[in-house]
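# Remarks on the overall topology
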Amino acid sequence: MALYTRSGRPRPHGSGFELAVWYLMRLSGLALFVLALGHFSIMHFIFDPATQSAQWIIDDRWGSVLWRTVDWLLLTMVVLHAFLGVRTVLQDYIHGGARTALTLLLYLAGIALALMGTMAVMTLPFPVE
């Protein structure tokens, strides 16, 4: 039985793109932890979930630039972390031209989802008071 002194994916040696992705995966995970915990606490402990409707989100929650920004950051971190995770799986298990093609498709899908989410959060008109 071998004893392992390290767990998880090893940090890439040297510098460059792979090291940046390695750090970005960990930073996005940390940001997700903080943002998701804050989101859950605010939505379930501060505000009454029974009164939360789509109209409430539009009028009260997204009526503020601060809340839109927080929700956008949460959305962006979810998309980034998820796609970096799928990228890691592709890099580990797919080789050759298929890896390049799937990675390119993954980047395009991630950018498209991030743009659609940004449009949904940021282009909704502010309520008139």
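All figures in this text were calculated on a predicted structure; none of them were measured in a lab.

Now for the layout of surface pockets. A water-sized probe, rolled over the atoms, reveals where empty space remains. Quantified by volume, the largest pocket comes out at close to 320 Å³. Lining the largest pocket are 17 residues, with Leu-80, Phe-83, Leu-84, Tyr-107 and Ile-111 positioned closest to its centre. Per-element tally for the lining of the largest pocket: the top contributor is helix 3 (residues 65-93), with seven residues. Its residues placed into classes, the lining of the largest pocket shows 13 nonpolar, three polar and one charged.

Applying the stated criterion across every chain, the model contains two aromatic pairs. Ring geometry for Trp-22 against Tyr-23: centres 5.1 Å apart, planes inclined by 80°, an arrangement best described as edge-to-face. Look at Tyr-23 and you get partly exposed, because its relative accessible area is 38%. Centroid distance Phe-40 to Phe-45: 5.8 Å. Interplanar angle 90°. Geometry classified as edge-to-face.

Basis of the calculations
- Think of each chain on its own: its residues are numbered from 1, step by step along the sequence as written.
- Only residues with pLDDT of at least 70 are given local features in this predicted model, and only at 80 or more are side-chain atom pairs given and counted; all residues enter the totals for whole chains, interfaces and linings.
- By convention in this description, side-chain values take in all heavy atoms of the structure and omit both hydrogens and water.
- In this analysis a 1.4 Å probe is tested at points of a 1 Å grid over the protein atoms alone, and where it fits but cannot get out there is a cavity; an open set with protein on both sides within 12 Å along at least five of seven lines is a pocket; lining residues have an atom within 4 Å of a point.
- Grid points are joined across faces, edges and corners, and a volume is the space filled by probe spheres set on the points.
- Secondary structure elements are taken from DSSP: a helix is a run of H or I of four residues or more, a strand is a run of E of two residues or more, and numbering for both begins at the N terminus.
- By the convention adopted, Pro, Cys, Tyr, Trp, Phe, Met, Ile, Leu, Val and Ala count as nonpolar, Lys, Arg, Asp and Glu as charged, and the other residues, Gly among them, as polar.
- Only Phe, Tyr and Trp rings take part, Trp by its six-membered ring, and two of them pair if their centres are within 6.5 Å. Stacked means planes under 30 degrees apart, edge-to-face means over 60, and tilted covers everything else.
- Remark: exposure states derive from per-residue accessible area (1.4 Å probe, protein chains only) relative to the maximum for the residue type, with buried under 20%, exposed over 50%, and partly exposed in between.

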